[in-house]
Each structure stands twice: as structure tokens, then as C-alpha cells.
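Below are the chains, spelled out letter by letter.
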Amino acid sequence: MAEPSPVLLETHGALAIVTLNRPDRLNSFNEAQHRALKAAIDALAADPGCRAIILTGAGRGFCAGQDLSDRVQPEGGAAPDLGSTLETFYNPLIRTIRALPKPVIAAVNGVAAGAGANLALACDIVLAAKSAKFIQAFSKIGLVPDSGGTWMLPRLVGEARAKALTMLAIPVPAEEAERIGMIYRAVEDATLMEEAMALGTRLADAPTLGLADTKVLIQKAFTQGLDAQLDDERDAQRRLGRSADYAEGVRAFMEKREARFEGR
Ligand code: T3D
């Protein structure tokens, strides 16, 4: 029998749902899943009909990071080059999500560990089922948090918490993750996908160019000063002021009706 695809892709109008699909391994990454996820995201990036993406996991986990069964070293055998895996797979994935000019929602359906936790945190909006938890599992196997974890976590939760959570590999339940600002919201398990779809549909119907520039500007705020940020806001506003969605938004407001945005 053919192997099931390690990544599933479905579309609902302008909203796409990408599902990591290795549930027996809690959707941990092997090369096939990396390649399938890259293909799915690249296709959605190039598709003007796609205006928002949900990333989730099949089964009881979101993603348990690297599949460690691919990393077992025979006694006296050569050590793997993990830098090469990061360079080839994890880093491009995180860079792609951060640069994607469309909103990406993580719908964290269950445990998110290692690179799986940081993949979720790289998404623009993180919703998590209340039973889900986030674990920076790396210290348990002698590694550093990767996939942007050392950059993202201190920004989200502060240096003190980031160091404790990573060095001690403390599992953070979804509601606690919401409370400390690590994620946007924890929701009931039964309504996770319904809420993610509602959010995704709303974003898919929104002015896509404006959302894309908002994403870039907020991400830049961590690395540049107010003067540069003000200049960038001016440039974005100038660009967006020429967009069809801006003209439609203003018309709709004046005509007291819902705007119909087209993402251009
Ligand atoms: O290597 C490189 O290229 C560098 C990049 C590294 C990035 C990384 O992500 S390093 C960190 C790797 N991930 C981990 O260390 C997490 C390992 N997993 C766990 O700690 C636990 O599984 C969880 C805390 C995530 C969940 O615990 P629990 O008790 O809910 O489930 P479980 O029983 O441990 O797991 C269920 C099954 O999934 C189990 O298989 P089995 O016994 O039913 O056949 C388990 O072995 C498998 N599984 C879970 N995580 C992984 C995995 N198999 C392979 N790799 C995994 N990461």
C-alpha cells in the first residue's frame, strides 16, 4: 500500500489548510515531511488565489520537531551534521513563513516540541487547543533551541522565562502560553479548527497587501529604531494608498456597506 502523504493540503476558497501528517510520530520531521511541507508552502506562496494559511497537525500532536529515529548513532559511528539539516530544511522553512506576504495561523492541536514548538511560534497568529503544550525539548538531548527559538522566545516571553523554559525544557500548557504572551489564544479542543477556520476566513477576506505590510513592519520593529520604522510606515502607506483594496475600503465605508477586498 502507498505511504500516506506526510503533508495534506486542502483549500476553502482563499483559505488553505496545511496538515502535517505523520501522526504515529507526532508529526515529527523526516526529510519527506520537510520536502512535502516546502512544496505545499511554495505552491501557496505562488498562488494569488491563496490569501491565508492554517498550519496544523494530524492526530494528537502538532509536531514533535526532528524525528529522532533518523538521528540514532551507531556506537563509534560518524556524528550527523545538524548544521546542514538546519541550513537545508529548518532555517528556510522559518524564513519562508516569516517572509510570506500572507498571514499564517498555527492551529496547535496537541503537543508542539523542539522545532515543532518554534515552527508554531514563527507563525503570525498562534491558536492552541487547551490540551496542547509547548516544550523546548532541545536541552534534553544536548542541543540549543533552533528554528528561531532563541530569537523568538525572549521577544515573546522575556529573557528570564525564555532561559528557564529552554534550559529546563518545561512544558508550557496552552492556557499558560496565552497568559505569558507566548501565543495569541488557547481555545477549547473541540472548537480549535472551527475557530482557526473562522479566523482564517476573516484574514483571507481581508486586504492582503495591507496585512503583508503589517507583518513586515511588526517584525522589523524588533531590529530597527522608531525613525526607521516611521519611514517604513510612510513607504507602506504610500504603496497601499494606491491599492484597489484601499479604494474599495474607503468607498465601502462611505457607502455604509461591507467592503469586498480582492487582495490587490
Ligand atoms: O536533527 C536535526 O536535524 C537538528 C534539528 C533539531 C530540531 C529538533 O526538533 S530537536 C528536538 C527533537 N524533539 C524532541 O526531542 C521531542 C521528542 N519527543 C518527546 O519528548 C515526546 O514524544 C513529547 C513530549 C513530544 C510527547 O510525549 P508523549 O508522552 O505525549 O508521547 P510519546 O509517547 O513520547 O510519543 C508518541 C510516539 O511518537 C512514540 O512512538 P511509539 O512509542 O508510540 O512508537 C514516540 O517515540 C514518537 N515520537 C515522539 N516524538 C518523536 C517521536 N519519534 C521520533 N522523533 C520524535 N521527535
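Residues numbered from 1 in each chain as written. Predicted model: local features only at pLDDT ≥ 70, side-chain atom pairs only at ≥ 80, totals over all residues. Heavy atoms only, no water.

Considering the arrangement of structural elements, one finds N27 in the loop between β2 (15-20) and α1 (31-46). When its relative accessible area of 0% is taken as the criterion, N27 is described as buried. There is a polar contact of 2.9 Å between the side chain of N27 and the backbone oxygen of A58. (Helix = DSSP H or I, 4+ residues; strand = E, 2+ residues; numbered from the N terminus. Buried < 20%, exposed > 50% of the residue type's maximum accessible area, 1.4 Å probe, protein only. Polar contact = N/O pair within 3.5 Å; in protein donor to acceptor, adjacent residues only side chain to side chain.)

This part covers the sheet that holds strand β5 (residues 104-108). Sheet architecture is open: 6 strands sit in the order β1-β2-β3-β5-β7-β10, paired in mixed fashion. Of all the strands in the sheet, the pair left with one neighbour each is β1 (7-12) and β10 (185-187). Geometrically, the sheet is characterised by an average inter-axis angle of 20 degrees between neighbouring strands, direction not taken into account. Alignment of strand β7 (residues 125-129) against β10, held across 3 bridges, turns out to be parallel. Looking across to β10, one finds that A129 is bridged to V187. (Pairing = 2+ DSSP bridges. Axes fitted to C-alpha atoms, helices over the stretch in contact; angles between N-to-C directions.)

Attention shifts here to the nonpolar core. L37, V108, F134 and M182 are the most contacted members of the largest nonpolar core, which totals 46 residues. Here this core takes 6 residues from helix α3 (residues 115-122), the largest share from any one element. If sequence neighbours within four positions are ignored, M182 has contacts with L121, F134, L153, L156, V157, L165, V172 and A177. Counting residues in each nonpolar core, the second largest holds 15 residues, with A14, I17, A129 and A204 among its members. (Core = buried A, V, L, I, M, F, W, Y, C linked by side-chain atoms within 4.5 Å. Contact = heavy atoms within 4.5 Å.)

Looking now at the pairing of strand β3 (residues 52-57). Within β3, 6 of the 6 residues are buried, leaving the element largely enclosed by the surrounding structure. Side chains of β3 alternate between two faces, with A52, I54 and T56 and I53, L55 and G57 buried alike. Here β2 runs beside β3; their pairing, made up of 6 bridges, is parallel. Each bridged residue has a counterpart across the sheet, and for I17 the counterpart in β3 is I54. In this fold, β2 hands off to α1, which returns the chain to β3; that crossover is right-handed. Relative to β5, β3 is paired through 4 bridges, and the arrangement is parallel. Paired with T56 across the strands is A107, a residue of β5. (Right-handed = clockwise from strand over helix to strand, strands pointing away.)

The relative placement of two packed helices is expressed as an angle between their axes plus a distance between the axes. For the pair helix α2 (residues 82-99) and α3, interaxial distance at closest approach is 9 Å and the crossing angle is 20 degrees. As judged from the angle between their axes, α2 and α3 are roughly parallel. Read as a crossing pair, α2 and α3 show a hand that is right-handed. Residues Y90, L93, I94, I97 and R98 of α2 touch α3, and the partners they reach there are A115, N118, L119 and A122. Considered class by class, the residues forming the contact of α2 with α3 number 7 nonpolar, 1 polar and 1 charged. (Parallel < 35°, antiparallel > 145°, perpendicular 65-115°, else oblique. Left-handed = near helix turned anticlockwise from the far one by under 90°. Nonpolar A, V, L, I, M, F, W, Y, C, P; charged D, E, K, R; others polar.)

In many analyses, interface size is given as the accessible surface area lost on bringing the parts together. Partitioning the protein into domains gives domain 1 (7-204) and domain 2 (208-254). On a C-alpha basis, the centroid separation for the pair domain 1 and domain 2 is 27 Å. Each side of the interface is counted separately: domain 1 has 12 residues, and domain 2 has 7 residues. Counting the surface lost from both domain 1 and domain 2, the interface buries some 830 Å², and carbon and sulfur atoms represent 53% of this. At the boundary of domain 1 with domain 2, the tally comes to 1 salt bridge. We note a salt bridge from D124 to K215, for which the minimum N-O separation is 2.8 Å. Linking domain 1 to domain 2 there are 6 residue pairs in polar contact (both at pLDDT 80 or more). Listing elements by their share of the side of domain 1 that touches domain 2, those giving two or more residues are α2 and α4 (149-157). Each residue belonging to the side of domain 1 that touches domain 2 can be placed in one class, and the counts come to 7 nonpolar, no polar and 5 charged. (Domains from an automatic or database assignment. Buried area = accessible area lost by both parts, 1.4 Å probe. Salt bridge = Lys/Arg side-chain N within 4 Å of Asp/Glu carboxyl O.)

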